[in-house]
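The lines below spell out each chain.
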Amino acid sequence: MNISAAQAKLFYIIGFLLVLNSNAQSLGGYDLWLGYSKIEDPAILSEYQKHTKSIFFDNHSPVLDTARKELMRGIGRLLGQPPIMHDSLSLLNTMWVSKKMNLGKDMVSALEADFERIGSEGFIIKSVTVNNKSILLITANEDLGILYGVFNLLQLMKMHKSLEGINIVDAPKIQLRMLNHWDNLDRTVERGYAGFSLWNWQKLPEYKDPRYVDYARANASIGINATVLTNVNANALVLTSAYLEKVAALAEVFRPYGIKVYLTARFSAPIEIGGLNTADPLNKDVIEWWKERAELIYKVIPDFGGFLVKANSEGQPGPQNYGRSHVDGANMLANALRPFNGIVIWRAFVYSEEDATDRAKQAFKEFVPYDGKFLDNVLVQVKNGPIDFQPREPFHPMFGTMPNTPLVMEFQITQEYLGFSSHLVFLPKLFEEVLDAETYRKGKNATVAKVIDGSLFNKKISGMAGVANIGNDLNWTGHPFAQGNWYGYGRLAWNPYLSSETVAEEWLRLTYSNNSEFVEAVKKIMIISREAVVNYMTPLGLHHLMDTGHHYGPGPWVSDLSRPEWNPTYYHKADKEGIGFDRTPSGSNATSQYASEIAKIFNYPETCPEEYLLWFHHLPWDYKLKNGAILWDAIALKYQEGVYGVEEMIRIWEQARTYISVDQFNEVRMLLEIQLKEAKWWRNACLLYFQTFSGRELPPGVELPDENLEFYQSLKFPYAPGN
Ligand code: GCV
């Protein structure tokens, strides 16, 4: 097609106007929190110009070159012209970016204490005086610290923070900051709601989609340093030479961003791709096979991170198939990886169909006796709560109970049980609640965060994993606010003591707008969103009420599945008398898995926090809550409160209209409409169903359902995503 010069000019102008109008985010959200638009405020602009006029950027390495590129791109766009970079120091330089080893003796000794604090990945951003001149210094012990420091500086600039007298000394508190992709080799994503997998296995290794670089940039910008490429429901084929070459190509793209690649190891791989007739971890051929496989992997990916393993869980093969234990399985793999400094991350998400007592107790029961028996390159990965990523669960009782084993926190960023990618739910609020929980395992202040970061029991390795919500949707995560969950996860993996409010504010400023009125209003939406989803799905400690298989929408009535603990009825136990799961000593006694200080609180309905009431207690419908309401009324009112929460979110979103582009506004507005519709669906379906047991009227203030129970029970969704 030929276009005239006049047309071309018109397109150019339209394009320019679109960019202006779209604030920081462009390309439908593709830029994530990394879009840089020119700073318009003259005072801020001139301050930044002064600091970045002449930059001395020391040394070259793949990671440093990434940092240099990021700095040039970021500053160039924020200030409207590329900065002048120098390889050698001159008196004119206003900013230095240099590792410790290349700084002068005086500077090093002045910063000695800071260098000690930041370890191998931390950084210092400091205003220092050299020859009576003020210099903006970014320094670190290692290359990766420089990259993180550069991203941090750019984020501060995007948020228009003053750099005068700046003094930041920051380092990650957790070593392994991982994403877990549940991506299959056919590019479907288990529990993925943002399109297909990013990994184009068919075209790899030759074709390296530029998007892989953008993925790595986004992760590095929030400190994520590890990625497990494949689903924990694993396919052994990824361990064959043909796939390892493809994995190596991805590792090559991610390496300059400080990101190591991991794979899931299917325990039966020696049979499926090795031609053996057993995968028994004590069999010498099996041991040999994994050793050779490890050698092969490290030959093509010298910095390969290691294996993540789901074994003897939900039908996955594992050592128990051969009468062996988790320790036998994990240690065998750990021995194979040890010569290459690889690690094994063994998941504790296990529950057995043979144990009828209480699924919530099983991981603890299976794993805690093994404390101290795993080799030191084995970490045990534990979901945040004892069931499965529900809108609210008490923290998993394993945290704090295995002092001799490094425990990795597993959060789910993808919203399997929280409205897929159509509901706005700000997950750092949930993450924060778990991380701040008191375990009382070493007196007071023994929070889950301290277990995870290794400080409570002096662990050498520490880790946090987030099940990714990323796919090939243009905006990566489906819902634009789900980007905030990816961002927020990364920030909390870096520092689990950050508040969710801080994270929400950072993300909004970096992604949408620096306008404080916008930020204050929309932050409120994010903060209330988590409680809203709890209320309209599973209030007062109810859990696992979702429909079967795809987990889309309510299905509290489901009771016909082959395994008892797959049925929602197993969890709510509603009957004519009441509702809830008795996990006190008179029931399953799951409370005994917590420290006595906590068990004592959970054991009595009067002291149990209301948000966990029906998680731990089966109570009569007319049980009186603290506010005087009877249980049935309280449940109904909570469901209603959830719906009101979404209506409130919609009201507040209206205020955003003037600060962002029309497209940005409408996108979220339409999604909130889905969320409202589904919140009402949850409320109506659950209340109508529970009403068949309570036999009571809905209390005043609760809207009447517009359909009957049969209608909600008849809904089928054979093509719900992520299954
Ligand atoms: C990858 C839940 C999910 C499964 C998931 C499993 C796990 O059961 O529904 O899709 O499997 O958790 O964490 O292993």
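Reference entry: report on the structure contained in this document. Not measured: the values here are computed from a predicted model. In this numbering scheme, every chain counts its residues from 1 along its sequence in written order. At least 70 in pLDDT is required for a residue's local features to be given in this predicted model, at least 80 for side-chain atom pairs to be given and counted, and no such filter applies to totals for whole chains, interfaces and linings, which use all residues. Excluding hydrogens and water, the side-chain figures rest on all heavy atoms present in the structure.

1. Some thoughts on the site of the ligand
Point 1. Consider each residue's heavy atoms; a residue with any of them within 4 Å of a molecule or strand counts as near. The environment of the ligand is made up of 15 residues, and the closest members are Glu190, Lys310, Arg347, Lys383 and Glu416.
Point 2. Contacts to the ligand include lysine 310, whose side-chain N or O atom sits 2.6 Å from an oxygen atom.
Point 3. Within 3.5 Å is the distance limit for a polar contact, defined as a pair of N or O atoms, with the added protein rule that one can donate a hydrogen and the other accept it, and that residues adjacent in sequence qualify only through two side-chain atoms. Between an oxygen atom of the ligand and a side-chain N or O atom of glutamate 314, the distance comes to 2.8 Å.
Point 4. Computed by Shrake-Rupley with a 1.4 Å probe, the accessible areas treat only the displayed protein chains as cover when residues are assessed. Here the ligand loses 96% of its free accessible area of 340 Å² to cover by the protein chains.
Point 5. Lys, Arg, Asp and Glu make up the charged group, whereas Ala, Val, Leu, Ile, Met, Phe, Trp, Tyr, Cys and Pro make up the nonpolar group; the residues left over, Gly among them, are polar. Per-class residue counts for the shell around the ligand are four nonpolar, three polar and eight charged.

2. Description of a negative patch on the surface
Point 1. For patch detection, residues must exceed 30% relative accessible area and be free of salt bridges, and they are connected within 9 Å for like charges or within 5 Å for nonpolar side chains (Val, Leu, Ile, Met, Phe, Trp, Tyr). In the sections that follow, a salt bridge refers to a side-chain nitrogen of Lys or Arg positioned within 4 Å of a carboxyl oxygen of Asp or Glu. Two residue types count as positive, namely Lys and Arg, and two as negative, namely Asp and Glu; His and chain ends fall outside the count. Lys charges are placed at NZ, Arg charges at CZ, Asp charges at CG and Glu charges at CD. Among the surface-exposed residues, Asp285, Glu288, Glu292 and Glu295 lie close enough to one another that they form a single negatively charged patch.
Point 2. Relative to the elements of secondary structure, aspartate 285 occurs in helix H10 (residues 284-300).
Point 3. Working definition: with a 1.4 Å probe on protein chains only, accessible area under 20% of the residue-type maximum means buried, over 50% means exposed, and in between means partly exposed. For aspartate 285, a relative accessible area of 43% translates into the label partly exposed. Secondary structure follows DSSP: runs of H or I at least 4 residues long count as helices, runs of E at least 2 residues long count as strands, and numbering of each begins at the N terminus.

3. Regarding the packing of helix H15 (residues 482-494) against helix H16 (residues 500-511)
Point 1. To get an axis, a line is fitted to the C-alpha atoms, and for a helix only the part in contact is used. The angle between two axes follows their N-to-C directions and goes from 0 to 180 degrees. Contact geometry for H15 and H16: axes closest at 10 Å, N-to-C directions at 125°. Classified by the angle between their axes, H15 and H16 sit oblique to one another. The interaxial crossing formed by H15 with H16 has right-handed handedness. For the pair H15 and H16, contact is made by Gln483, Gly484, Tyr487, Gly488 and Arg491 and by Val503, Glu506, Trp507, Leu510 and Thr511, respectively.
Point 2. Looking at the contact of H15 with H16 residue by residue, the class counts come to four nonpolar, four polar and two charged. Between 65 and 115 degrees an angle is taken as roughly perpendicular, under 35 as roughly parallel, over 145 as roughly antiparallel, and anywhere else as oblique. Two helices that cross are described as forming a left-handed crossing if the nearer one is turned anticlockwise from the farther one by less than a right angle, and a right-handed crossing if clockwise. We call two residues in contact whenever any of their non-hydrogen atoms come within 4.5 Å of each other.

4. Regarding the pattern of salt bridges
Point 1. Counting across every chain of the model gives 38 salt bridges.
Point 2. Arginine 217 serves as the salt-bridge partner of glutamate 70, at 2.6 Å between the closest nitrogen and oxygen. Pair noted here: glutamate 70 is in helix H3 (residues 62-79) and arginine 217 is in helix H7 (residues 210-221), with a separation of 147 residues, a long-range link. As far as burial versus exposure is concerned, glutamate 70 and arginine 217 are alike and both buried.
Point 3. The partner of glutamate 112 in a salt bridge is lysine 100, and the shortest N-O contact between them spans 3.5 Å. With glutamate 112 in helix H5 (residues 112-118) and lysine 100 in the loop between strand S3 (95-99) and helix H4 (105-110), the pair connects residues that are 12 residues apart, well separated along the chain.
Point 4. By relative accessible area, which is 24% here, lysine 100 ends up partly exposed.

5. What about the side chain of serine 588?
Point 1. Checked against the element boundaries, serine 588 lands in the loop between strand S15 (578-579) and helix H19 (596-602).
Point 2. By relative accessible area, which is 11% here, serine 588 ends up buried.
Point 3. Side chain to side chain, serine 588 and aspartate 358 meet in a polar contact 2.7 Å long.
Point 4. Discounting chain neighbours no more than four positions away, the residues touching serine 588 are Asp358, Lys361, Phe581, Asp582 and Arg583.

6. As for H16
Point 1. Between its terminal C-alpha atoms H16 stretches 16 Å, which fits the 16 Å expected from 12 residues at 1.5 Å a residue.
Point 2. With nine of 12 residues buried, H16 lies mostly within the body of the structure.
Point 3. Listed in full, the buried residues belonging to H16 are Ser500, Val503, Ala504, Glu506, Trp507, Leu508, Arg509, Leu510 and Thr511.
Point 4. Where H16 is buried, its residues contact helix H6 (143-158), helix H13 (428-435), H15 and helix H17 (516-537). One fewer than the residue count of a helix, multiplied by 1.5 Å, yields its expected span.

7. Describing the pairing of strand S13 (residues 407-412)
Point 1. Most of S13 sits out of view: six of its six residues are buried.
Point 2. Both faces of S13 are covered, namely the face carrying Leu407, Met409 and Phe411 and the face carrying Val408, Glu410 and Gln412.
Point 3. Only strands joined by at least two bridges in the DSSP assignment are considered to pair. Across four bridges, the pairing between strand S12 (residues 378-383) and S13 is parallel. Pairing of glutamine 381 across the sheet is with valine 408, part of S13.
Point 4. Here S13 pairs with strand S14 (residues 463-467) via five bridges, running parallel. Directly across from phenylalanine 411, in S14, lies its bridge partner glycine 466.

8. Overview of the nonpolar core
Point 1. Counting 238 residues, the largest nonpolar core has Leu71, Phe254, Trp290, Trp486 and Phe690 as the members making the most contacts within it.
Point 2. Broken down by element, the residue count for this core peaks at 13 residues, all from helix H22 (residues 662-694).
Point 3. Ignoring sequence-local partners within four residues, the contact set of phenylalanine 254 consists of Trp199, Tyr212, Tyr215, Ala216, Thr227, Leu229, Ile259 and Val261.
Point 4. Side-chain atoms within 4.5 Å are what join buried Ala, Val, Leu, Ile, Met, Phe, Trp, Tyr and Cys residues into a set we call a nonpolar core. By size, the runner-up hydrophobic cluster in this structure holds 15 residues, among which are Met107, Val108, Val130 and Ala171.

9. Considering the sheet that holds S14
Point 1. Spatially, the eight strands close up into a barrel ordered S7-S8-S9-S10-S11-S12-S13-S14, and their pairing is parallel. The sheet shows a mean angle of 25° between the axes of neighbouring strands, direction not considered.
Point 2. On top of the sheet, helix H11 (residues 326-337) reaches strand S10 (306-309), strand S11 (343-347) and S12; it is set at about 160° to S11, its chief contact.
Point 3. Of the strands in this sheet, strand S7 (176-180), S13 and S14 are in contact with H15, which crosses S7 at around 155°.

10. A short note on unusual backbone geometry
Point 1. Residue proline 205 follows leucine 204 across a cis peptide bond; omega there is 5°.
Point 2. Its location among the elements puts proline 205 in the loop between S7 and H7.
Point 3. Positioned with a positive phi, phenylalanine 389 is a non-glycine residue whose angle comes to about 55°.
Point 4. Residue placement: phenylalanine 389 occurs in the loop between S12 and S13.
Point 5. Of note, phenylalanine 420 is a non-glycine position whose phi angle comes to about 55°, a positive value.
Point 6. With respect to the helices, strands and loops of the structure, phenylalanine 420 is situated in the loop between S13 and H13.

11. What about H10?
Since one α-helical turn is 3.6 residues long, residues separated by three or four positions face the same way.
Point 1. Under the 1.5 Å per step criterion, the end-to-end length of H10 is 25 Å for 17 residues, consistent within 8% with the ideal 24 Å.
Point 2. For H10, the full list of buried residues reads Val286, Trp289, Trp290, Arg293, Ala294, Ile297 and Tyr298. The buried residues of H10 occupy an angular sector of 165° when the element is viewed end-on, so they sit on one face. Set apart from the buried face of H10 by more than 90 degrees, the exposed residues are Lys284 and Lys299.
Point 3. On its buried face, H10 is in contact with helix H8 (241-254), helix H9 (269-272), S10 and H11.
Point 4. At the N-terminal boundary of H10, the capping side chain belongs to asparagine 283, with an oxygen 2.7 Å from the backbone nitrogen of aspartate 285. What the arc measures is the spread of directions leading from the helix axis to the C-beta atoms.

12. Topic: the packing of aromatic side chains
Point 1. Side-chain rings of Phe, Tyr and Trp (the six-membered ring for Trp) are treated as a pair once their centres are within 6.5 Å; stacked means planes under 30 degrees apart, edge-to-face means over 60, and tilted covers the remaining angles. Following the criterion strictly, the structure yields 46 aromatic pairs and no others.
Point 2. For the pair tryptophan 289 and tryptophan 290, a centre-to-centre distance of 4.9 Å together with 85° between the ring planes defines the contact as edge-to-face. Accessibility assignment for this pair places tryptophan 289 and tryptophan 290 in one class, buried.
Point 3. Geometrically, the ring pair formed by tyrosine 298 and phenylalanine 304 is edge-to-face, given 5.6 Å between the ring centres and 80° between the ring planes. An identical accessibility class is assigned to tyrosine 298 and phenylalanine 304; each is buried.
Point 4. Among the aromatic residues, those joined into a cluster by ring pairs are Tyr30, Trp33, Trp199, Tyr212, Tyr215, Phe254, Trp476, Trp486 and Tyr487.
Point 5. The ring centre of tyrosine 207 lies 5.7 Å from the NZ or CZ of lysine 203, which sits over that ring. Look at NZ for Lys and CZ for Arg. If either is within 6 Å of the ring centre and within 35 degrees of the ring normal, a charge sits over the ring.

13. Notes on the environment of alanine 334
Point 1. Mapping alanine 334 onto the fold places it in helix H11.
Point 2. You can call alanine 334 buried: its relative accessible area is 0%.
Point 3. Residues alanine 334 and phenylalanine 307 lie 27 residues apart in sequence; the distance between their C-alpha atoms is 8.8 Å.

Any functional reading would require information beyond the geometric quantities listed.
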